[in-house]
Amino acid sequence: MSLFEAHNVTKRFATTTALDEVSISVPEKSIYGLLGPNGAGKTTLIRIINQITAPDSGTVLLNGQPIKSEDVHKIGYLPEERGLYKKMKVGEQALYLAQLKGLSRPEAMRRLKYWFRKLEITDWWGKKVEELSKGMQQKVQFATTVLHEPQLLIFDEPFTGFDPINVKQIKDEILFLRERGATIIFSTHNMGSVEELCDNITLINKAKTILEGSVDKIRHDWSANEYEIIFDGEVTPSGNAHFQVLTSAFAKGRSTVRLKSAGTGDTNDIIRSMTAAGTVISFNPVLPSMNDIFIKVVETQNSEAAKN
Amino acid sequence: MTLLTPFLLALIFVVPALMMTNQDKDFKKIAVVGDSDLYKDVIPDTKDADFEFLSGTTLNDLKGNFSEKGYYGVLYVSDLLVDVPNAVQLISKNQPPIGLLDHISYSLKKEIEKKKLRAYNIENLDEILKSVSASVDIQTIKIDNEGGTKKTSTGFAMALAYMSGFMMYMLVFMFGSQVMRGVIEEKTSRIVEVVISSVKPIQLMLGKIIGIALVGLTQFSIWVLLTLAIVAVVQSKVLPEGTMEQMQQLPQSFAQAESGAGAADAGKAVETQMTEFQSIFASAINQPWGLIIFTFVFYFITGYLLYASLFAAIGSAVDNETETQQFMLPVTIPIILALFVAMATMQNPESSLSFWFSLIPLTSPIVMVARIPFDVPAWQIALSMAIMLVTIVGTIWMAARIYRTGILMYGKKTSYKEIWKWLTYKG
């Protein structure tokens, strides 16, 4: 079941179209990647979900119902451009933001204590925001975003400004939140984390959806039927009707061979030929990275647009 | 700053008073010499200085040693003064105060006029002069007594109008620009995106406007109370008794000294002051205080809402305070214009200029408030208030639309054309 759906959403500004008939459907309890180059329209879509702006046309549904202004309490949003009141104390500010989301003060206090301990920022409670490092401020903001336990969480570039340890911590928290039943929309340019975290994605370019689906399926769809085999010792297999050898290299006692299947036989045929050639250490299909797919898809669309 | 300001404000009251007390101690004795006794005792003593005419002493006798003899300076008045206006010299070690110089030249001028008149050989000149001078005095008192209440009441109304008009200007402008800075801060720190994902932009904008008004008024009342308290304490502990009263009476005492009023005249002057004070007091009681307070509060709230929402819209449209310049001008001009019209209003409360500006919503908070002590017809007040209320609803609606779009626009320099487009965006 889809927790959030947008159907044919269009939003125009004076001279530009930010979103052109964009539809997304976010399954419940999943992590949904919202991808696209800068200026593609992602932020506009996120703002529409948050009801910061309204679409010119199209419908936006939460739990199958058109989204209402009370629904803001069911949504948690971490914007890409992070901001807190600089002169205000961390704890005071976190309480204020939590109460804006409809939590009572004692309840907000209780949950804040839990999250501050979890994110190891309890010591910063009485400090002013401007005294905190950027990463610390981000953690505070992360805590205030998830505090009211919203059904739908929107993270826009949640990892920028964090060191690798904190990135891992935040990743774990995001996965933990999904396990607890939250649905997460995740916008990023970091394709590595998309492969790691996202169940489904939508790729928006120039206000239009150009790719969508589950991450696994997309990667298989975009794979070029290539395999990578590692042999013990120096082995140079030769191609046959079912496959051709693309590259073959020997280093440190191992041979790495890349094949491209002709698609005529099944993988077992290839494996049999390989075991005949030498001692196989590993055999893997080569899946394109989301990074490669992103670049390929966007560049293709851009060059087509240039032609027209 | 909140607590420091009352001290600074108190300084404004206390320092001149302290200076007054110092001045009193700095009493001056001035030696007056001449070629003969022609100008003996023509310069009356004042509160701050005694003029001692030394017969038979020449300027050269005193030139070198006047300060040893306890004189502040030596004034030499030549006998040729009637024909040579600059035949006067004041020799002193320090730059003499303007008041002293004024006093000397005024006294001498009178004397010369008298001497010139005397040259016409008019009989009984002294009596004539006395009677002329006396009749002038009587005339002044008469005017005061007859039209006293009305005249002083106008003065009081003017003071009231000036004060309320100016205070309105200060409060609206101060708090209004604070709203603008607040909006810019929220925009540049990007906190706004977090907040408006929880509340509607118009709620945030109105919350900001109301919040700053409440903070501002709290701060303002703390200032007023603390300033009064500090001044009261300083007055009772530090300054010698009566300094403040002396300060208030300063202009009168100068006038007395200058006219060389005798003891009897001085008594009359005190009497005049008393009646003046009484009539001011009476006119203060007679002012329509209920109406004044009501209109002040009404125009303060509405004027503030009007300007603060405009300031909020400006704040939302720019990225930093330096960019506000181009949008500030159309907002600042009406306020300053209103202040000028309010001042003109005090001269002529019934003029059509005052009438129209007390109806235009951007200027009415200041101009109408300044007009109120001068009896404004009820229908004009009602009309002005009605126009104001309608305008506020319209302005807040418009400002909210600009605000809603503006706070999410970064990095682009905003033009008026752009803002016009924002007004038409959907939802």
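Predicted, not measured: the structure shown is a model, and the values here were computed from it.

Chemist: I'd like to hear about the overall build of chain B, residue by residue, with values.
Modeler: A count of helical and extended segments in chain B gives 15 helices and 4 strands. Across the 427 residues of chain B, 28% fall into the buried class. Considering only residue pairs separated by 6 or more positions, chain B has 73% of its internal contacts joining residues 24 or more positions apart.

Chemist: Just give me the short version of the sheet that holds strand E2 (residues 49–53) of chain B, but keep the residues and values in it.
Modeler: Residue and element names in this part refer to chain B. Here 4 strands make up an open sheet; going across it, the order is E2-E1-E3-E4 and the pairing mixed. Every interior strand has two partners, whereas the edge strands, E2 and strand E4 (88–92), have only one. This sheet shows a mean twist of 20° between the axes of neighbouring strands, independent of strand direction. The pairing of strand E1 (residues 28–34) with strand E3 (residues 73–77) spans 5 bridges and is classified as parallel. Bridging from a neighbouring strand, Val32 pairs with Leu75 of E3.

Chemist: I'd love a proper account of the interface of chain B and chain A, names of residues and values included.
Modeler: Bring the parts together and some accessible area is lost; that lost area is often taken as the interface size. Between chain B and chain A, the contact holds 14 residues from the first and 17 residues from the second. Broken down by element, the side of chain B that touches chain A gets its largest block of residues, 4 residues, from helix H6 (residues 191–195) of chain B.

Chemist: I'd like to hear about the pairing of strand E4 (residues 57–62) of chain A, residue by residue, with values.
Modeler: Residues and elements named next belong to chain A. In this structure, strand E1 (residues 2–12) lies alongside E4, joined through 5 bridges in antiparallel fashion. When the sheet's bridge partners are listed, His7 is paired in E4 with Thr59. Pairing analysis gives 2 bridges linking E4 to strand E5 (residues 65–66), with the strands arranged antiparallel. Paired with Leu62 across the bridge in E5 is Gln65. The antiparallel pairing of E4 with E5 creates a hairpin that spans 2 residues between the two strands, and Asn63 there sits at a positive phi of about 55°.

Chemist: Quick one: what's the story with the sheet that holds E5 of chain A, residue by residue and with numbers?
Modeler: Spatial strand order, E2-E1-E4-E5 (chain A): 4 strands in an open sheet with antiparallel pairing. The sheet is open, and its two edges are formed by strand E2 (17–27) and E5 of chain A, each paired on a single side.

Chemist: Go over the confidence of the model for chain B, please, and point to the residues and values.
Modeler: All names here are of chain B. Taken as a whole, chain B shows an average pLDDT of 76; of its residues, 76% reach a score of 70 or greater. Taken element by element, chain B is modelled with least confidence in helix H8 (residues 243–259), mean pLDDT 48, and with most confidence in helix H14 (residues 378–406), mean pLDDT 92. Throughout residues 135–152 the model reports pLDDT below 50, and contacts reaching past four residues in sequence, or to other chains, amount to 16 contacts. In this model residues 249–264 is a low-confidence stretch, pLDDT under 50, and it forms 15 contacts with partners more than four residues away in sequence or in other chains.

Chemist: Would you mind going over the nonpolar core in detail, with residue names and values included?
Modeler: In terms of nonpolar packing, the biggest core is built from 124 residues, with Ala143, Ile154 and Ile184 of chain A together with Ala312 of chain B touching the most fellow members. A total of 13 residues in this core trace back to one element, the largest contributor, which is helix H10 (residues 289–317) of chain B. With residues up to four places along the chain from it excluded, the contact list for Ala312 of chain B reads Val179, Met180, Val183, Met205, Lys208, Ile209, Ala399 and Tyr403 of chain B. Counting 19 residues, the second largest nonpolar core, distinct from the first, contains Val42, Ile43, Phe66 and Val77 of chain B.

Chemist: Can you break down the packing of helix H2 (residues 90–100) of chain A against helix H3 (residues 105–118) of chain A residue by residue, with the values?
Modeler: Residue and element names in this part refer to chain A. With their axes 9 Å apart at the nearest point, H2 and H3 run at an angle of 125° to one another. Compared by their axis directions, H2 and H3 come out oblique. As H2 runs across H3, the sense of the crossing is right-handed. Contact residues: Ala94, Leu95, Ala98 and Gln99 in H2; Arg105, Ala108, Met109 and Leu112 in H3.

Chemist: Give a detailed account of the environment of Tyr71 of chain B, specifying residues and quantitative values.
Modeler: All names here are of chain B. Note on placement: Tyr71 falls in the loop between helix H2 (59–63) and E3. Distance in space between the C-alpha atoms of Tyr71 and Glu52 is 9.4 Å, their sequence separation being 19 residues. When sequence neighbours within four positions are dropped, the list of residues in contact with Tyr71 reads Lys29, Ile30, Ala31 and Phe66.

Rules and cut-offs
Residues numbered from 1 in each chain as written. Chains lettered and ligands numbered in written order. Predicted model: local features only at pLDDT ≥ 70, side-chain atom pairs only at ≥ 80, totals over all residues. Helix = DSSP H or I, 4+ residues; strand = E, 2+ residues; numbered from the N terminus. Buried ≥ 20, exposed ≤ 12 C-beta atoms within 10 Å, placed from the backbone. Contact = placed C-beta atoms within 7 Å. Pairing = 2+ DSSP bridges. Axes fitted to C-alpha atoms, helices over the stretch in contact; angles between N-to-C directions. pLDDT = per-residue confidence, 0-100. Core = buried A, V, L, I, M, F, W, Y, C linked by C-beta atoms within 7 Å. Parallel < 35°, antiparallel > 145°, perpendicular 65-115°, else oblique. Left-handed = near helix turned anticlockwise from the far one by under 90°.

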